[in-house]
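# Fold and geometry: a report
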Amino acid sequence: MEIITRRQRMSMVTRKLRREEAKTIGLVPTMGALHDGHLSLVREARRMCEVVIVSIFVNPTQFGPNEDYEKYPRDLTKDTTLLADYNVDYIFAPSVEEIYPKGFSTYVTVEGLSNQLEGAARPGHFRGVATVLTILFNIIRPDFAFFGQKDAQQTIVVKRLVRDLAFDTEIVVLPTVRETSGLALSSRNAYLNEEERRAAAVLYRALTRAEQAYINGERSARKLIEIVGAEVATEPRVRLDYVSVNDAETLEKLDKLEDQTALLSLAAYVGSTRLIDNVVLHPARQRVRSMAES
Ligand code: PAF
């Protein structure tokens, strides 16, 4: 496993792998502080691709001025040790100056999808994500790039980015990895104390209550949102930021769930830590499940 810090070297290595060796390249883009969620992406990349590259870069442009860029957990030594066990070929760990050299002034915005939900709560966040991914995709030119469903809106934005800008990269989205309590794994869970960690499990409990109501036939977005709100309210350490039901592809806000796949997503503060989570409501799959249960 080689750790590469310069973009020129990274481009050179991947160009050679593509042109001379015709290898399939998989990229797992991360900000480090790796957990089992990231490792599930690495495992799938290893299964699908001949060469696996993990990028580790805490991207300043996707953090707002009052967000946790400075305190975001960073431990390259620990991440490197973990990735060595997963047979990763390259770690790309550039500095901020390497990605955003002096005079950098080009940003990518995926319009329409970027200014609601997380985008409304974190203005500029998806512009930063789309910009850094454009740079990484251009440097590495991966055949596949791997993302977790926990960051549902990010996966929707990235799929649109790749389609609109004609990147030759397929986006692979893998299920959210959870603790046994249901809490979705996130690097930001490191900010939680023991009590908060226990309390945070209410988020998935609330989402699955609403999902169950959906399976039982509830089709009003307002009712599903109320179910989530009522469950979260049982946990005084947790304060909802938003709960929303949107079309899972266009992110259009839904009042009534009909035949489209919907995203039920939320953000909440647990103490001072902001966490996100979601479930996807599939009409066809739910119908099959209810038929099997009846
Ligand atoms: O999901 C993340 O960790 C980041 O948003 C990503 C995709 C690595 C871009 O910085």
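Refer to the preceding data block for the structure.
Reading guide: rules and limits
- Residues numbered from 1 in each chain as written.
- Predicted model: local features only at pLDDT ≥ 70, side-chain atom pairs only at ≥ 80, totals over all residues.
- Heavy atoms only, no water.
- Helix = DSSP H or I, 4+ residues; strand = E, 2+ residues; numbered from the N terminus.
- Rg over C-alpha atoms; globule rule 2.2 N^0.38 Å.
- Buried < 20%, exposed > 50% of the residue type's maximum accessible area, 1.4 Å probe, protein only.
- Contact = heavy atoms within 4.5 Å.
- Areas by Shrake-Rupley, 256 points an atom, 1.4 Å probe, with all protein chains shown as cover.
- Lys, Arg positive; Asp, Glu negative; His and termini not counted.
- Charge placed at Lys NZ, Arg CZ, Asp CG, Glu CD.
- Core = buried A, V, L, I, M, F, W, Y, C linked by side-chain atoms within 4.5 Å.
- Salt bridge = Lys/Arg side-chain N within 4 Å of Asp/Glu carboxyl O.
- Near = heavy atom within 4 Å.
- Polar contact = N/O pair within 3.5 Å; in protein donor to acceptor, adjacent residues only side chain to side chain.
- Nonpolar A, V, L, I, M, F, W, Y, C, P; charged D, E, K, R; others polar.

## Here we look at the overall build of the protein
A count of helices and strands for the protein gives 11 helices and 9 strands. A globule of 294 residues ought to have a C-alpha radius of gyration of about 19 Å, and the protein, at 20 Å, matches this closely. The principal-axis extents of the C-alpha atoms in the protein amount to approximately 55 × 40 × 40 Å. Put simply, the protein has 294 residues, and 52% of those count as buried. Nonlocal contacts in the protein, meaning residues at least 24 apart in sequence, comprise 73% of its contacts between residues at least 6 apart. When the accessible surface of the protein is split by element, carbon and sulfur atoms take 48% of a total near 14,400 Å². If you average the places of the 39 positive and of the 40 negative side-chain charges in the protein, the two averages end up 1 Å apart.

## A few points about the nonpolar core
Judged by nonpolar contacts, the single largest core of 41 residues is most densely connected at M10, I53, F92, L133 and F137. Elements that contribute at least two residues to this core include exactly α1 (7-19), β2 (25-30), β3 (51-56), β4 (90-92), α6 (125-140), β5 (144-148), α7 (152-164) and β8 (262-270). Dropping the residues within four chain positions of it, F137 is found in contact with L27, P142, A145, F147, V158, V162, F167 and I171. Counting 28 residues, the second-largest nonpolar core is a separate cluster that includes L207, V238, L257 and V279.

## Considering the pattern of salt bridges
Inspection of the entire model under this criterion finds 20 salt bridges. Residue E67 pairs with R122 through a salt bridge whose shortest N-O separation is 2.5 Å. Of this pair, E67 sits in the loop between β3 and α3 (76-85) while R122 sits in the loop between α5 (118-121) and α6, placing them 55 residues apart in sequence. Put simply, R197 and E179 hold a salt bridge, and the shortest N to O gap is 2.6 Å. You can see R197 sitting in helix α8 (residues 194-200) and its partner E179 sitting in the loop between β6 (170-174) and α8, a full 18 residues away along the chain. Exposure remark for R197: the relative accessible area of 31% places this residue in the partly exposed category. Taken together, the shared-partner salt bridges connect E195, R198, E235 and R237 into one network.

## Re the site of the ligand
Near the ligand, the surroundings consist of P29, T30, M31, N59, Q62, V129, V132, F147, D151 and Q154. Between the ligand and the protein, one listed contact pairs an oxygen atom with a side-chain N or O atom of Q62 at 2.6 Å. Between an oxygen atom of the ligand and a side-chain N or O atom of Q154, the distance comes to 2.7 Å. With the chains in place, 89% of the 290 Å² that the ligand exposes on its own is no longer accessible. Of all the secondary structure elements, the ones that give two or more residues to the shell around the ligand are β2 and α6. For the shell around the ligand, the residue count by class is 5 nonpolar, 4 polar and 1 charged.

## A short note on the side chain of S55
Relative to the elements of secondary structure, S55 occurs in strand β3. Given a relative accessible area of 1%, S55 falls into the buried group. Dropping the residues within four chain positions of it, S55 is found in contact with L27, V28, P29, T30, F92 and L136.

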